[in-house]
Amino acid sequence: MGVRGARPLARHFARRLARMSAHILTLAIDGMTCATCVSRVERVLKADPDVASASVNLVTNRAEVVLSGAVPTERLIARVAKAGYGAHLVTADEKDANAAEAARLWRRCCGGTPGSRWR
């Protein structure tokens, strides 16, 4: 007799392990204005057979794409462009600049570093 809920938990961890071994891309998406745009971009990205999952954020105009196989970035960008939106791969420099800006705004707003205690 097994522990109740063990199988769903095992499936959950198997999926997480698969995601960790997969390659993750971050794309900057241009031209989205509403939730329908987000849904359309997600649908277009998920339609690629080598995309395990895709999550699009309207506020940040970013798409996080988990790849299950080798996918040329240009193919994903072309799919997004065909749907009527611009896209480009987010570089490490852009990620660093965004993190620095977020930390600057946190200090300005909250008077400390992210993760520090409130005053």
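This text gives an overview of the structure that appears in the document. What you are looking at is a predicted structure, and each value in this text was computed from that prediction instead of being measured.

About the cut-offs
Residues numbered from 1 in each chain as written. Predicted model: local features only at pLDDT ≥ 70, side-chain atom pairs only at ≥ 80, totals over all residues. Heavy atoms only, no water. Helix = DSSP H or I, 4+ residues; strand = E, 2+ residues; numbered from the N terminus. Buried < 20%, exposed > 50% of the residue type's maximum accessible area, 1.4 Å probe, protein only. Contact = heavy atoms within 4.5 Å. Salt bridge = Lys/Arg side-chain N within 4 Å of Asp/Glu carboxyl O.

A few words on the overall build of the protein. Of regular secondary structure, the protein possesses 4 helices and 4 strands. Listed N to C, the secondary structure of the protein is α-β-α-β-β-α-β-α in terms of helices and strands. Of all 119 residues assigned to the protein, the portion counted as buried reaches 25%. Considering only contacts within the protein whose residues lie at least 6 apart along the sequence, 56% involve residues at least 24 apart.

Moving on: the environment of Leu67. With respect to the helices and strands, the residue Leu67 is situated in strand β3 (residues 62-67). The spacing of Leu67 and Asp48 is 19 residues in sequence and 9.5 Å in space, taken between C-alpha atoms.

A separate point is the pattern of salt bridges. One pass over the full model with this rule turns up 3 salt bridges. A salt bridge links Arg75 to Asp50; the shortest N-O distance between them is 3.0 Å. Residue Arg75 is located in helix α3 (residues 73-82), and its partner Asp50 is located in the loop between α2 (35-46) and β2 (51-57); the two are separated by 25 residues in the primary sequence. Using a relative accessible area of 24% as the deciding quantity, one classes Asp50 as partly exposed.

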